[in-house]
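Structural overview for review
For reference, the chains in residue letters:
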Amino acid sequence: MSAETHELVVVGSGVAGLSAAVYAARADLEPVVLEGPEPGGQLTLTTEVENYLGFPEGIGGMELIQRGKEQAEAFGAEFVHATVESAALEDRPFALELSTGDTLRTRALIVATGASARWVGAENEDELMGYGLSTCATCDGAFHRGDDVLVIGGGDSAMEEALFLAKFADSVTVVHRRDELRASEIMARRALEHEQIEFRWNAELLEIHGSQDEGVTGATLVSHPDGHPTERLEESASRTDAESRAVEPRDGEEVEREEVDVGGIFYGVGHVPNTAFLEDTPVPLDEDGHLLTEDGMTTETAVPGVFGAGDVMDPKYRQAVTAAGTGSMAALDAEGWLDQEAAERLEASAPA
Ligand code: NAP
């Protein structure tokens, strides 16, 4: 990679990064897009996108991303298959250390690194992830033809996974920690009305059984009529013996355990923002790791020249169309900031 200083680097190639790249490339900023460890982001793991404006029949997530990349390249964006390992953002131009060993210098930076699937913390999940335990039904669902499978979670992701898995699996059981779904009404209705999908309310996954040779063979579920059973287990584990004897469990108050035989488990419990590379930088993050942007309709961060777009800065909406929107906003904000910075540099270098 050349030692030149770029005008703009976009970190991330999901829908937010691509939208930023299209706008920035059209503005002649010749953006470099770092594709990251999962090029194309979360949409590449989705089947059909039904709510992106302009596609009344829906469009495949992968196709939408491929078309976005073609569009950005057509305007002059350069795509580099690399991940940012660390960033020096105290001084400008910023310096990015890449997984390829290169250092990239840039005047402005758009962080569009998205978010990755959250894990629940069940016993054995480290060992069995990829061996019958998965965070992506569209990637791994077809391996579970004829299996009984569990889907963990109660949001749109879990409903989408359950509906997709119902095409292959014998039975799909959604395990949700409360008795009310978080999913949108339409997704919830589709799953609740599906004859192959069952729901296990107020329940959580405690342990996954199996091995890397056999795959997932079963699970231990815990349940409690008031929900959040693992929290209750942790509370009772932290009580002293004397405290435990003093607490008389009433009927239905104890956490119940159950062993189930299943051939696959899918996590659909949300996502965590990909901001590890920003932890030692002056860019502020919220308590969950989302990049904090300034108040109002802006993508600016507290560090001049650093902008955020998409799920990495959006704990609320997290839609493909809103990510595309904030991507375009970040590019416009970056363009305006670069113009102003160039004018200031020119003024500073002019003879008095
Ligand atoms: P989400 O809305 O945050 O839902 C996460 C679900 O997982 C919640 O039901 C939560 O339970 C549960 N959960 C979280 N941590 C857990 C843990 N440690 N153990 C057990 N359960 C846990 O995330 P999402 O479903 O990924 O959706 C994110 C956004 O993407 C939403 O805005 C959604 O609308 C959008 N989306 C849309 C579609 C679509 O329209 N086709 C598809 C996927 C996602 P609680 O409810 O108790 O908190």
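Before going into details, it helps to say that this report is about the structure given with it.

**Some remarks on the nonpolar core**
Generally speaking, soluble globular proteins have nonpolar side chains that are buried together. Leu-8, Val-15, Leu-43, Tyr-52, Ala-77, Ile-110 and Phe-307 are the most contacted members of the largest nonpolar core, which has 34 residues in total. At the level of elements, strand 1 (5-11), helix 1 (15-26), helix 2 (61-74), strand 8 (103-111) and helix 9 (320-349) are the ones that each hand at least two residues to this core. Apart from the residues within four sequence positions on either side, Ile-110 is in contact with Leu-8, Val-9, Val-10, Val-11, Ala-20, Phe-307, Ala-309, Ala-330, Ala-331 and Ala-334. Counting 23 residues, the second largest nonpolar core, distinct from the first, contains Val-9, Val-32, Leu-34 and Leu-96.

**Side note on the site of the ligand**
In the vicinity of the ligand there are 21 residues, among which Asp-156, Ser-157, Arg-177, Arg-178 and Arg-182 approach most closely. Contact distances for the ligand include 3.2 Å between a nitrogen atom and a side-chain N or O atom of Glu-160. Gln-319 has a polar side-chain atom sitting 3.2 Å from an oxygen atom of the ligand. Here the ligand has 920 Å² of accessible area as a free molecule, and 80% of this is covered by the chains. Per-element accounting of the shell around the ligand gives the leading share, three residues, to helix 5 (residues 156-165).

**Digging into the state of the cysteines**
Counted according to the given criterion, the structure contains one disulfide. In this model Cys-136 forms its disulfide with Cys-139; the gap between the sulfur atoms is 2.0 Å. Negative torsions about the S-S bond denote left-handed disulfides, and the value of about 75 degrees found for Cys-136 with Cys-139 makes this one right-handed. For Cys-136, a relative accessible area of 7% puts it in the buried group.

**Let's talk about the sheet that holds strand 10 (residues 133-134)**
Read from one edge of the open sheet, five strands run 10-17-11-12-13, paired in parallel fashion. Each edge of the open sheet is held by one strand with a lone partner, namely strand 10 and strand 13 (197-200). Note: strand 10 against strand 17 (residues 264-267), two bridges, orientation parallel. Within strand 17, the position partnered with Ser-134 by the bridge is Phe-266. Most of the contacts of helix 5 go to strand 11 (residues 148-152), to which it runs at about 165 degrees, and overall it touches strand 11, strand 12 (171-175), strand 13 and strand 17.

**Some thoughts on unusual backbone geometry**
The step from Arg-92 to Pro-93 runs through a cis peptide bond, and the omega angle for that step is -5 degrees. Its location among the elements puts Pro-93 in the loop between strand 6 (84-88) and strand 7 (94-98). Positive phi values are uncommon outside glycine, yet Asn-124 reaches one of about 80 degrees. If you trace the backbone, Asn-124 turns up in the loop between strand 9 (115-117) and helix 3 (125-128).

**Here we look at the pairing of strand 12**
The element strand 12 is extensively covered by neighbouring structure, given that five of its five residues are classed as buried. Burial along strand 12 is two-sided: Ser-171, Thr-173 and Val-175 and Val-172 and Val-174, pointing in opposite directions, are all buried. Both strand 11 and strand 12 contribute to a ladder of five bridges, which runs parallel. Residue pairing for strand 12: Asp-148 is matched across the bridge by Ser-171. The handedness of the strand 11 to strand 12 crossover, carried by helix 5, is right-handed.

About the criteria used
Residues numbered from 1 in each chain as written. Predicted model: local features only at pLDDT ≥ 70, side-chain atom pairs only at ≥ 80, totals over all residues. Heavy atoms only, no water. Core = buried A, V, L, I, M, F, W, Y, C linked by side-chain atoms within 4.5 Å. Buried < 20%, exposed > 50% of the residue type's maximum accessible area, 1.4 Å probe, protein only. Helix = DSSP H or I, 4+ residues; strand = E, 2+ residues; numbered from the N terminus. Contact = heavy atoms within 4.5 Å. Near = heavy atom within 4 Å. Polar contact = N/O pair within 3.5 Å; in protein donor to acceptor, adjacent residues only side chain to side chain. Areas by Shrake-Rupley, 256 points an atom, 1.4 Å probe, with all protein chains shown as cover. Disulfide = S-S within 2.5 Å. Pairing = 2+ DSSP bridges. Axes fitted to C-alpha atoms, helices over the stretch in contact; angles between N-to-C directions. Right-handed = clockwise from strand over helix to strand, strands pointing away.

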